[in-house]
Amino acid sequence: MNVPSDLKYTASHEWVRVEGDTATIGITDYAQTELGDIVYVDLPNVGRSLAAGESLGSVESVKTVSDIYAPLGGEVVDVNPALGAQSELLNGDPYGKGYLLKIRIQNPIEVEALHDAAAYTAIIS
Amino acid sequence: MIQTPKLVKRPDLIFDLSREGRVGANVPVADTPEVDLTTELGELRKELHLPEVGELDVLRHFTALSHVNYGIETGFYPLGSCTMKYNPRINERTAGLAGFAGLHPMQPADTVPGALELLMRVQEILCELSGFEYVTLQPLAGAHGELTCLMLIRAYHESRGEGASRNVILVPDSAHGTNPASAARCGYQVRSIPTDSAGNTDLDALAKGLDDSVAGLMLTNPSTLGLFEPNIAKICEMVHAAGAQVFCDGANMNAMVGTTRPGDHGFDCMHLNLHKTFSTPHGGGGPGCGAIGVKAHLEPFLPVPVVRRGVSQSVELDEHRPHSIGRVSAYYGQFLMEVRAYTYLLAYGKEYMSDISRHAVLNANYVMARLKDVLPAAFDRPCMHECVLTAEHYKKEHGVRALDISKRLIDYGFHPPTNYFPLIVHEAIMIEPTETETKQTLDAFCDALIAICGEAVAHPHLLHQAPTSQIVGRLDETAAVKNLDVRWRPSVMPPKVEAGK
Amino acid sequence: MAYIPHTKADRREMLATIGVSTIDELFREIPANLRLAPGSLDLPPALDESRLLTHLRELSERNLDSGKLTCFLGAGIYDRFVPATVGAVLSRGEFLTAYTPYQPELSQGYLQSIFEFQSLISELYGMDLANASMYDGATALAEAAIMAHGINGRSTIYVSEAVHPHFRQVLDTYCWPVDLKVRLLPAPEGRTDYSAIEGDAAAVLVQYPNFFGVIENLEAARDATRRAGATFVVCADPIAMAVLRPPGEFDADIVVGEGQPMGVAMGFGGPLVGLFACKSEYVRRIPGRIVGRTTDGHGAPGYVMTLRTREQDIRREKATSNICTNEALMALACTVYLEALGKNGLRQVAETTVRNTSYAAKVLTAAGAKLRFADRVFGEFVIDLPIDARAVQKKLITKGILAGLPLGPYYKGMDQSLLVAVTETRTRSEIDAYAQALKEVLA
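Each value, and the rule that gives it
Residues numbered from 1 in each chain as written. Chains lettered and ligands numbered in written order. Predicted model: local features only at pLDDT ≥ 70, side-chain atom pairs only at ≥ 80, totals over all residues. Heavy atoms only, no water. Helix = DSSP H or I, 4+ residues; strand = E, 2+ residues; numbered from the N terminus. Buried < 20%, exposed > 50% of the residue type's maximum accessible area, 1.4 Å probe, protein only. Contact = heavy atoms within 4.5 Å. Areas by Shrake-Rupley, 256 points an atom, 1.4 Å probe, with all protein chains shown as cover. Lys, Arg positive; Asp, Glu negative; His and termini not counted. Charge placed at Lys NZ, Arg CZ, Asp CG, Glu CD. Domains from an automatic or database assignment. Buried area = accessible area lost by both parts, 1.4 Å probe. Salt bridge = Lys/Arg side-chain N within 4 Å of Asp/Glu carboxyl O. Polar contact = N/O pair within 3.5 Å; in protein donor to acceptor, adjacent residues only side chain to side chain. Nonpolar A, V, L, I, M, F, W, Y, C, P; charged D, E, K, R; others polar. Phe/Tyr/Trp six-rings, centres within 6.5 Å; stacked < 30°, edge-to-face > 60°. Pairing = 2+ DSSP bridges. Axes fitted to C-alpha atoms, helices over the stretch in contact; angles between N-to-C directions. Expected span 1.5 Å × (residues − 1). Core = buried A, V, L, I, M, F, W, Y, C linked by side-chain atoms within 4.5 Å. Arc of directions from axis to C-beta.

Undergrad: Looking at this structure, how should I read the overall build of chain C?
TA: The helix and strand inventory of chain C stands at 12 helices and 15 strands. Taking the principal axes of the C-alpha coordinates as reference, chain C spans close to 80 × 50 × 50 Å. Expressed as a percentage of the 443 residues in chain C, the buried residues total 67%. Taking the intrachain contacts of chain C between residues at least 6 apart in sequence as the baseline, contacts between residues at least 24 apart amount to 71%. Only carbon and sulfur atoms are counted for the fraction: they give 48% of the accessible area of chain C, which is about 13700 Å². For chain C, the separation between the mean place of its 45 positive charges and that of its 51 negative charges on side chains is 2 Å.

Undergrad: I tried to follow the domain arrangement of chain C on my own but got confused; where do I start?
TA: Think of interface size as the accessible area that goes away when the parts come together; that is how it is often given. All names here are of chain C. Along its sequence, chain C is carved into domain 1 (66-80 + 343-442) and domain 2 (84-337). Of note, the centres of domain 1 and domain 2, computed from C-alpha atoms alone, are 28 Å apart. Across the boundary between the two partners, domain 1 contributes 27 residues, which contact 29 residues of domain 2. With both chains or domains summed, domain 1 and domain 2 bury close to 2300 Å², and 71% of this area falls on carbon and sulfur atoms. In this structure, the connection of domain 1 to domain 2 is made through one salt bridge. The partner of R191 in a salt bridge is D375, and the shortest N-O contact between them spans 3.4 Å.

Undergrad: I tried to follow the interface of chain A and chain C on my own but got confused; where do I start?
TA: Counting from both sides, the interface comprises nine residues of chain A and, opposite them, six residues of chain C. Of all residues in chain A, the largest losses of buried area upon contact with chain C belong to A:E60, A:K63 and A:V65, amounting jointly to 57% of the total for that side. For the interface between chain A and chain C, the tally reads three salt bridges. One salt bridge in this structure joins C:K318 and A:D67, with 3.3 Å as the shortest N-O distance. For the pair chain A and chain C, the number of links is four residue pairs in polar contact (both at pLDDT 80 or more). Taken together, the elements giving at least two residues each to the side of chain A that touches chain C come down to strand 6 (55-61) and strand 7 (65-69) of chain A. In terms of residue count, the dominant contributor to the side of chain A that touches chain C is strand 6 of chain A (three residues). Among the residues making up the side of chain A that touches chain C, the classes are represented as three nonpolar, three polar and three charged.

Undergrad: Help me understand the packing of aromatic side chains in this model?
TA: What describes a pair of aromatic rings is the distance from one ring centre to the other and the angle between the planes of the rings. Residues and elements named next belong to chain B. What the rule picks out here adds up to 23 aromatic pairs over all chains. Arranged with centres 6.4 Å apart and planes meeting at 90 degrees, the rings of F76 and F414 form a pair that is edge-to-face. Placement of the pair is F76 in the loop between helix 3 (55-66) and helix 4 (89-95) and F414 in the loop between helix 14 (402-411) and strand 11 (418-419), with a sequence separation of 338 residues. The same class applies to F76 and to F414, which are both buried.

Undergrad: How should the environment of C:S91 be read in this particular structure?
TA: Mapped onto the secondary structure, C:S91 falls in the loop between helix 3 (84-90) and helix 4 (93-96). Look at C:S91 and you get partly exposed, because its relative accessible area is 36%.

Undergrad: Help me out: how do you make sense of the sheet that holds strand 6 of chain A in this one?
TA: Note on sheets: strands pair through backbone hydrogen bonds, and any given pair is parallel or antiparallel. All names here are of chain A. Read across the sheet, three strands follow the order 4-6-7 without closing on themselves; strand pairing throughout is antiparallel. Where the open sheet ends on each side, the last strands, each with one partner, are strand 4 (38-42) and strand 7. Within this sheet the neighbouring strands show an average axis-to-axis angle of 25 degrees, counted without direction. Here strand 6 runs beside strand 7; their pairing, made up of five bridges, is antiparallel. Residue V59 lies in a different strand from strand 7, and its bridge partner there is S66.

Undergrad: Explanation requested: the sheet that holds strand 10 (residues 387-390) of chain B in the structure shown.
TA: Pairing is antiparallel in the open sheet, where three strands are placed in the order 10-12-11 (chain B). Of all the strands in the sheet, just strand 10 and strand 11 of chain B have a single pairing partner and so form its edges.

Undergrad: So what exactly am I meant to see when it comes to the pattern of salt bridges here?
TA: Where charged atoms of side chains with opposite charge meet at close range, the side chains can pair. All names here are of chain B. According to the stated counting rule, one finds 63 salt bridges over all chains in the structure shown. Between K9 and D12 there is a salt bridge, and its shortest N-O distance comes to 3.4 Å. The exposure class of K9 is exposed, given its relative accessible area of 60%. Owing to a relative accessible area of 33%, D12 belongs among the partly exposed residues under this scheme.

Undergrad: In this structure, what is going on with the interface of chain B and chain C? I would like to understand it.
TA: Taken together, the contact pairs 215 residues of chain B with 197 residues of chain C. The tally of links from chain B across to chain C stands at 10 salt bridges. The shortest N-O distance in the salt bridge between C:E123 and B:R487 comes to 3.7 Å. With 28 residues, helix 12 (residues 335-371) of chain B is the largest single contributor of residues to the side of chain B that touches chain C. Residues belonging to the side of chain B that touches chain C are distributed by class as follows: 113 nonpolar, 57 polar and 45 charged.

Undergrad: I keep staring at helix 5 (residues 108-125) of chain C and nothing clicks. Help me out?
TA: Residue pairs three or four apart in sequence face the same way in an α-helix, which turns once every 3.6 residues. All names here are of chain C. Look at helix 5: 26 Å from first C-alpha to last across 18 residues, which is about the 26 Å you get at 1.5 Å a residue. Among the 18 residues of helix 5, 18 are classified as buried, and the element is accordingly described as predominantly covered. The positive-phi residue at the C-terminal boundary of helix 5 is G126, with phi of around 70 degrees.

Undergrad: Is there a simple way to explain the side chain of B:R154 in this structure?
TA: As for its position among the elements, B:R154 is in helix 7 (residues 142-159). Among the polar contacts listed, one links the side chain of B:R154 to the backbone oxygen of B:G187, at a separation of 3.3 Å. Contacts of B:R154, omitting those with residues within four sequence positions, involve B:G163, B:C186, B:G187, B:Y188, C:W176 and C:P177.

Undergrad: Got a minute to help me understand the nonpolar core in this structure?
TA: Generally speaking, soluble globular proteins have nonpolar side chains that are buried together. Among the nonpolar cores identified, the biggest contains 209 residues, and B:L126 and C:F212 are the most heavily contacted of them. When residues of this core are assigned to their parent elements, the largest contribution, 20 residues, is made by helix 12 of chain B. In this structure, this core is formed jointly by two domains, domain 1 (66-80 + 343-442) and domain 2 (84-337) of chain C, each of which donates at least three residues. Among all residues touching B:L126, those that are not within four sequence positions of it are B:G131, B:V135, B:L137, B:L272, B:L274, B:F278, B:A291 and B:L345.

Undergrad: When you look at helix 11 (residues 389-398) of chain C in this model, what are you seeing that I'm missing?
TA: Residues and elements named next belong to chain C. Restricting attention to buried positions, one finds in helix 11 the residues A389, V392, Q393, L396 and I397. Each buried residue of helix 11 lies within a common arc of 135 degrees when the element is viewed along its axis, so the set occupies one face. Along helix 11, the residues that are exposed and aim more than 90 degrees away from the buried face are K394 and T398. Of the residues flanking the start of helix 11, the one acting as N-cap is D388, its side-chain oxygen 2.7 Å from the backbone nitrogen of R390.

Next comes the structure, spelled out in structure tokens:
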């Protein structure tokens, strides 16, 4: 199970890459394995404000639906345009081309509440 | 005994059989004067891309399709929670009688006394079997019956000034998906109540969940685990004490027919699936037939018209119901299905009715006992009319899932049982034999499962590749979603759509 | 009892395997005070098959069915021609007794027939796609209104009063618990007037042809709906689609209908079959089942239920509907009907309907009735009579004619109005007999 050490994580299987005041968010390798082939992603529009812990959308495989929860609060500044036609990127490259969205972080202090790679690895074991 | 692969011609799409100029029925010929269609109707439709196939070819087409479809008359369906019992053929004859099939629902009531009498008798028999004071047959399916009951509950609370404050429905975590879906359709929020380790509703969690925002509890009894809720009377008391109502999801009525009655358990209303318990045919996914039973305090809110006996015992339609929730369907319900159910109920009558539940429960416990060494039951208790087993061991030790076991059963000539429901049992396999299966059939089924569990250990690839005996193997369901293809299209482009202003 | 095959020996062996002595022991978890003794309920006596048939036949013969009363009553349920092939196909056990096709490898027959059904309904309505059926036309219309609210988030449903009164009642019942407001659009001259549509319109619902048989102006309906920014929903008669321009050509967002006229018995109103079609952009919001084409691991073509995450068993309270069971068997009847009649047969049924309707309008007006609305109709029309329409209907029943639907109970000021339907199964002599009988009643 791939758990990159440079990322932060939530217990609900989202990952976060913090670069300055921007956070890139996606779902982990563990999540995509559990879901199976992902066929559809429902994401918010650019400009939407999110609160930490709020459901921001969902990921669907053929037989399941999973809500995605915002790891941090902030404004959506980018939504991955490739996922509409290529939802399989979430399975194949969940930390890279399969990212979900980017937000402008509202409260940097919320980053500290996220799990590091070791803590997340313990959660999924 | 494993099936040999089927040598069956893959059926063509009807559109590929079409040839210009053909027709497959001798439709009525007009003997009234010809008219100019444009004068009569205005601008006419130009293109109509329907097939043109001769009558014999139409029949061959559907015969070919029937050869690649499984039904109860083909073989056993061990589907938990579906009650796939024999659909008596005499029911087809009675439902086909011209005096039933040829009636218009809006013709005057005094021209259809036999139809109204039939509806009334079905209601009366179902009242007696369910233990409720009133029954309506207007709901068209189980989920529709659930929604109707929830609407009655909402109307009841509104009549007491608590409609807005009571906006939560409690649903066990083992519930069928229609329960929360129906609650949402009735404007309710859903709060989940856990099941305890014995397979019963967790009474402490229920007590915590019962506050004055709760409108009702939806409970399936026996539960979706096939277990009777021993604390049912207490649960109903608790819910009533909190000012809420209790709804019985009657999907598992087959365990109870003639042996016990949900009305006596304390429920305020229930839905029945006549296409499960009372043998009306499933027809590939419907019609369903969803009667509901209610206690007297919910009667004022029943859908209109109410079918009831008048002073002279003749049946009348009561249209003047000021507190009614209105109509849930356009007419009286699935009438020709009621004819089938009525025929079925009379075939059993007083003498045989309780044999249904007695033999349904016998069959389920027999299957559970025969399989206990290969597929343990999820709970160590007698089951009712269905048993829930778990294949978790095979997943952990051999990488074989309940799904794989099910697909391999197809190669042994059986329809698979229910998988992955209820959600709270891992690798669940739910088996409901019904009372119409012989011991031989059950033995053959159990022998097949035992053999397959052996294969799971020794030759798991046989399960992963299954089924290999049908016209298709496992289908690419991901592609079915991603490359959505839900209709045939004519090669001619359709007329341009006017988007309007 | 032939349906339960257990012998004494079977029971004995099975109980031994289970490890109990009696079946009663298997019910031990039911509290004793809730257990009934077998045979203790007040039920009628069991009937053998011969007596069952006699009893049901006797009940059926108390009714005046379409063999005893010539049917000129429509109002959403029609006495239309059902080819013998429909019954032949539906009675096959592989179709009649099949379960929902959740196991596609065993259900390719049904799945393919549903794919064909979806294709036929899409084509008939001129829409991108259709689902595998709803319970009936009325609930299909109600679900369309709720789907419109899901699409645009607005809360007012505008429905024409020329939509079937029972459909409107079902719509009211469905909208009430989810706080959708229903507003009526008047149809004073038999055609819908859209001027009352205001802001927050979620959907505009019209029937085509409408309840009075009048062919609504779908251009006007579309334009009014678009001006209001609402979802355009049409409830369309499937037989009329053979000759009228389908709603898809007028940019309808959702089209629903009652499929009973296509191969399903009137059956005192059930079972019926709801039709539901929409634009492809709304496919994820559509209620009910959908079948799609795909391939298996060897590349063989196959059919499977798809977009399942919309449905209640997966999505639960967030499902697009609570619908589980639909009307698969009746949809199969429609499929057989449409494939047997095909383009040529369906057109002929529609044309014969038009000829018969036109002739009936002439001879009934000559007999003393007056056509109430000036507009073009398909299959049905409203006549005004010099006396109460219910009285006329009652007298005509004694003459073996079911004259139509008296509209007094449904519309103010229409106590003397009768809705008359004339399908392709009516003959010239039946229509003449009606006119003659009417003349006598009005004399």
